[in-house]
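Here are the chains, one letter per residue:
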Amino acid sequence: MKDILEMKNIQKSFPGVRALKGVDFKVKVGEIHSLMGENGAGKSTLIKILTGVYQKDEGTIFFDGKEVTIKNTIDAQNMGISTVYQELNMIPYLTVAENIFLGRYPRKNNVIDWKKMNQNAQDLLDEMKLNIRADIELNRYGTAAQQMVSIVRAISLNCKLIVLDEPTSSLDTDEVRMLFRVIRDLQKKNIAIIFISHRLDEVYEISDRITILKDGAYEGTYLVSELGQAELITKMVGREVEKKERIERLHSNSSDDYVIELKDILSKPKLRNISLHVKKGEIVGLAGLLGAGRTETAQVIFGYRMADSGTIKMHSVDLSLKSPRDGVKHKMAFCTENRREEGIIPNMSVRDNILLSSLRNISSHGFLNQKKGDEIVKQYLERFRIKTPSPYQKIKNLSGGNQQKVILARWLATQPDFIIFDEPTRGIDVGAKRDVENLIAEVADMGLAVLFISSEMSEIARNCDRVYVLKDGQVVGELSNQEIKQEIITNAIAEGE
Ligand SMILES: Nc1ncnc2c1ncn2[C@@H]1O[C@H](COP(=O)(O)OP(=O)(O)OP(=O)(O)O)[C@@H](O)[C@H]1O
Ligand SMILES: [Mg+2]
């Protein structure tokens, strides 16, 4: 098969950062090609150059046999290059059909032919065997369906290459299955796919070849069948990352001190009956499928959401939190899964984003102790290996995974008694994931009570001392340390009614 895309010697610098140092990247017609590399390696930057979001400093791009100049996203689209962004570039209050044909509504006698548009859109959706209705507002559907609509739009534009930059990070297992089925259908139509994900299983399942970037440089391109996972990790991270079933802990949690205790919590519409507790020094997992009520449970504890009945106690004292502010006052911390909406303040520096929630801890008599602030920031930049040219860089300029690390740092810096991690390693590369996990174990060893939410069963098994399994807003199972094995959790979800 010939190449649909060839990028040669691509270079791109930002103030203080050489993001791409002469990258070569070739993709064949109809191939599924994964782009891998650590957080900040340059993957998204390369993709943004390809799709016309950024301009390259140096290098050449050949697409479909011709040298091309891509000045903006419209150029890319007209050439046949489409992207499905994590932040979807669609309009939520328009219908699915309107989104698919955005800017290209079919007309009859100069009036928009709504009937035809809906029919055409529905045909495309049906052809992909998607259970989505063309005449319904897009925002009535979840992320996965919205991504599908975005892919259908790409197909309707006759694209030859679709880029998926971390499309799976907010999908559950079934939704990933659906996405992969659609990706394989695209391949049958000879559409090439560039796929980016930090989940190795997914990469190995779906791709034909892998290209690795390391620190903005091209490391190599490999057939998936010829590159072992351990080898891939070593090439990406530059060191070996031990494969672990469990993260070691210093203390086995003998403490009987309940930091948080929920009894019979009901919170409409999602939570029907939640009772659980987290002890001092314990990492307690919440397992369950997307929509099981894990995040809602965390939100009730932290004060984002009110309970209709039931009790929440902290250190045996009744709590009734009215807002997240109250949560912070009670020395709670909540690392949200929703980095873009609730997490970062894009135009503030990395430093200020880290210190944002601990200003009280570092001021005395109303004055900020800058030196203390500097120390905290320095400590976390090192501990998490956060990649930034300086603490004063605006956080929006950091790579996705590095932004996630900043949020973790922010909450740990508040020195809480109780901390909730909701999907803490989402978007974080394999090497850094281990750093994050070790740090969570360390803070628990120091006496913090930790609630750990993750949709990756292996991650729950690796990190948690005890696990509650949630389904449809209820606790349907509780597993102790010894019972936590991936299979067992999976079964508990399947069987618990
Ligand atoms: N607009 C920008 N301004 C300044 N620096 C930027 C900008 N965009 C990216 N960078 C920097 O370029 C480097 C590469 O970032 P990029 O987003 O391409 O990484 P990535 O491989 O996609 O990482 P991740 O896996 O975390 O998403 C990083 O050091 C990042 O901070
Ligand atoms: Mg990225």
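Residues numbered from 1 in each chain as written. Chains lettered and ligands numbered in written order. Predicted model: local features only at pLDDT ≥ 70, side-chain atom pairs only at ≥ 80, totals over all residues. Heavy atoms only, no water.

Colleague: Account for the overall build of the protein chain, with residues named and values stated.
Modeller: Within the protein chain one finds 17 helices and 24 strands. For the protein chain, whose C-alpha radius of gyration is 24 Å, the value lies close to the compact-globule estimate of 23 Å for 497 residues. Taking the principal axes of the C-alpha coordinates as reference, the protein chain spans close to 70 × 50 × 50 Å. Of all 497 residues assigned to the protein chain, the portion counted as buried reaches 54%. Look at the contacts in the protein chain between residues 6 or more apart in sequence, and 66% of them connect residues 24 or more apart. On the protein chain, roughly 22,700 Å² of surface is accessible, and the fraction owed to carbon and sulfur atoms is 48%. For the protein chain, the distance from the average site of its 70 positive side-chain charges to the average site of its 69 negative ones is 4 Å. (Helix = DSSP H or I, 4+ residues; strand = E, 2+ residues; numbered from the N terminus. Rg over C-alpha atoms; globule rule 2.2 N^0.38 Å. Buried < 20%, exposed > 50% of the residue type's maximum accessible area, 1.4 Å probe, protein only. Contact = heavy atoms within 4.5 Å. Areas by Shrake-Rupley, 256 points an atom, 1.4 Å probe, with all protein chains shown as cover. Lys, Arg positive; Asp, Glu negative; His and termini not counted. Charge placed at Lys NZ, Arg CZ, Asp CG, Glu CD.)

Colleague: Quick rundown of the sheet that holds strand 2 (residues 17–28)? Include the residues and the values.
Modeller: Taken in spatial order, the 4 strands make up an open sheet running 2-1-4-5, and their pairing is antiparallel. Pairing within the sheet leaves two strands with one partner each, and these edge strands are strand 2 and strand 5 (66–67). The sheet contact formed by strand 4 (residues 58–63) and strand 5 spans 2 bridges and is antiparallel. Bridge pairing in strand 5 links Phe63 to Lys66. Of the strands in this sheet, strand 1 (3–14), strand 2 and strand 4 touch helix 1 (residues 43–50), which is tilted by about 115° from strand 1. (Pairing = 2+ DSSP bridges. Axes fitted to C-alpha atoms, helices over the stretch in contact; angles between N-to-C directions.)

Colleague: Give a description of helix 14 (residues 400–413) that names residues and reports values.
Modeller: Residues spaced three or four apart along an α-helix face the same direction, because each turn holds 3.6 residues. With 14 residues, helix 14 should cover 20 Å at 1.5 Å per step; its first-to-last C-alpha distance of 20 Å lies within 8% of that length. Along helix 14, 13 of the 14 residues are buried, which leaves the element largely enclosed by surrounding structure. Once helix 14 finishes, Gln415 follows within two positions and takes phi at roughly 50°, a positive value. (Expected span 1.5 Å × (residues − 1).)

Colleague: Go over the confidence of the model for the protein chain with me, naming the residues and quoting the values.
Modeller: Of the residues in the protein chain, 96% reach a pLDDT of 70 or more, and the chain-wide mean stands at 89. For the protein chain, helix 11 (residues 339–343) is the element with the lowest average pLDDT, namely 62, and strand 3 (residues 32–36) is the one with the highest, namely 98. (pLDDT = per-residue confidence, 0-100.)

Colleague: Provide a residue-level description of the pattern of salt bridges, including the pertinent values.
Modeller: Under the counting rule described, the total for this entry stands at 30 salt bridges. Across the pair Arg184 and Glu205 runs a salt bridge, and its minimum N-O distance is 3.6 Å. Of this pair, Arg184 sits in helix 6 (residues 173–188) while Glu205 is found in helix 7 (residues 200–206), placing the two residues 21 residues apart along the sequence. When its relative accessible area of 39% is taken as the criterion, Glu205 is described as partly exposed. Through salt bridges that share partners, Arg199, Glu202, Lys433, Glu456 and Glu459 make up one connected network. (Salt bridge = Lys/Arg side-chain N within 4 Å of Asp/Glu carboxyl O.)

Colleague: Explain the environment of Leu479 to me, using residue names and the numbers behind them.
Modeller: Mapped onto the secondary structure, Leu479 falls in strand 24 (residues 474–479). Residue class for Leu479 comes out buried when judged on its relative accessible area of 10%. Residues Leu479 and Arg466, spaced 13 residues apart in sequence, show a C-alpha to C-alpha distance of 5.7 Å. In this structure Leu479 touches Arg466, Val467, Val469, Ile484, Ile488 and Ile489, once residues within four positions along its chain are discounted.

Colleague: Describe the site of ligand 1, and please don't skip the residues or the numbers.
Modeller: Around ligand 1 sit 20 residues in total, of which Gly40, Lys43, Thr45, Ser399 and Gly401 are the nearest. At a separation of 2.8 Å, an oxygen atom of ligand 1 approaches a polar side-chain atom of His198. Bound to the protein, ligand 1 loses 92% of the 640 Å² it would expose on its own. Looking at the shell around ligand 1, the elements that each hand over two or more residues are strand 2, helix 1 and helix 14. With 3 residues, the top contributor of residues to the shell around ligand 1 is helix 1. Here the shell around ligand 1 is composed, by residue class, of 6 nonpolar, 11 polar and 3 charged. (Near = heavy atom within 4 Å. Polar contact = N/O pair within 3.5 Å; in protein donor to acceptor, adjacent residues only side chain to side chain. Nonpolar A, V, L, I, M, F, W, Y, C, P; charged D, E, K, R; others polar.)

Colleague: Mind laying out the packing of aromatic side chains, listing which residues take part and the relevant values?
Modeller: Each aromatic ring pair is characterised by the separation of its centres together with the angle its planes make. Counted according to the given criterion, the structure contains 8 aromatic pairs. Here Tyr105 and Trp114 contribute two aromatic rings whose centre-to-centre distance is 5.9 Å and whose plane-to-plane angle is 50°, an arrangement assigned as tilted. Both rings, one in Tyr304 and one in Phe334, keep their centres 5.7 Å apart while their planes meet at 75°; by these two values the pair is edge-to-face. One end of the pair, Tyr304, is in the loop between helix 9 (294–302) and strand 16 (309–314); the other, Phe334, is in strand 18 (residues 332–335), and 30 residues separate them in sequence. Residue Tyr304 is classed as partly exposed on the basis of its relative accessible area of 40%. Put simply, the rings of Phe302, Tyr304, Phe334 and Trp411 touch in pairs and so form one group of aromatic residues. (Phe/Tyr/Trp six-rings, centres within 6.5 Å; stacked < 30°, edge-to-face > 60°.)

Colleague: Quick one: what's the story with the sheet that holds strand 11 (residues 209–214), residue by residue and with numbers?
Modeller: Reading across the sheet, the 6 strands line up as 6-9-10-3-11-12 and stay open at both edges, with mixed pairing between neighbours. Each edge of the open sheet is held by one strand with a lone partner, namely strand 6 (81–84) and strand 12 (217–223). Across this sheet, the average inter-strand angle for adjacent strands is 20°, counted without regard to direction. One ladder, built from 6 bridges, connects strand 11 with strand 12; its direction is antiparallel. Residue pairing in the sheet places Ile212 in a bridge with Gly220 of strand 12.

Colleague: Could you give an account of the pairing of strand 24, with specific residues and numbers?
Modeller: Note that strand 23 (residues 466–471) and strand 24 share 5 bridges and pair antiparallel. Within strand 24, the residue paired with Lys471 across the bridge is Gln474.

Colleague: Describe in detail the nonpolar core, supporting the description with residues and values.
Modeller: With 75 residues, the main nonpolar core has Met332, Phe384 and Phe418 as its most contacted residues. Looking at this core element by element, the count peaks at 7 residues for helix 14. When sequence neighbours within four positions are dropped, the list of residues in contact with Phe418 reads Val259, Ile260, Val278, Ile301, Met314, Lys331, Met332, Ala333, Ala449 and Leu451. In terms of nonpolar packing, the next biggest core, distinct from the first, is built from 55 residues, Leu125, Tyr204, Ile210 and Leu232 among them. (Core = buried A, V, L, I, M, F, W, Y, C linked by side-chain atoms within 4.5 Å.)

Colleague: Please give an account of the state of the cysteines that cites residues and values.
Modeller: Within this structure, the stated rule accounts for 0 disulfides. Between Cys464, a cysteine without a disulfide, and Cys335, which holds the nearest cysteine sulfur, the sulfur-to-sulfur distance is 14 Å. (Disulfide = S-S within 2.5 Å.)

Colleague: Can you lay out the packing of helix 5 (residues 143–156) against helix 6 for me, pointing to particular residues and giving the numbers?
Modeller: Packing of helix 5 against helix 6 brings their axes to within 10 Å, and their N-to-C directions diverge by 10°. With respect to helix 6, the axis of helix 5 lies roughly parallel. Together, Ala144, Gln147, Met148, Ile151 and Ile155 of helix 5 and Glu175, Met178, Leu179, Val182 and Leu186 of helix 6 make up the contact between the two elements. (Parallel < 35°, antiparallel > 145°, perpendicular 65-115°, else oblique.)

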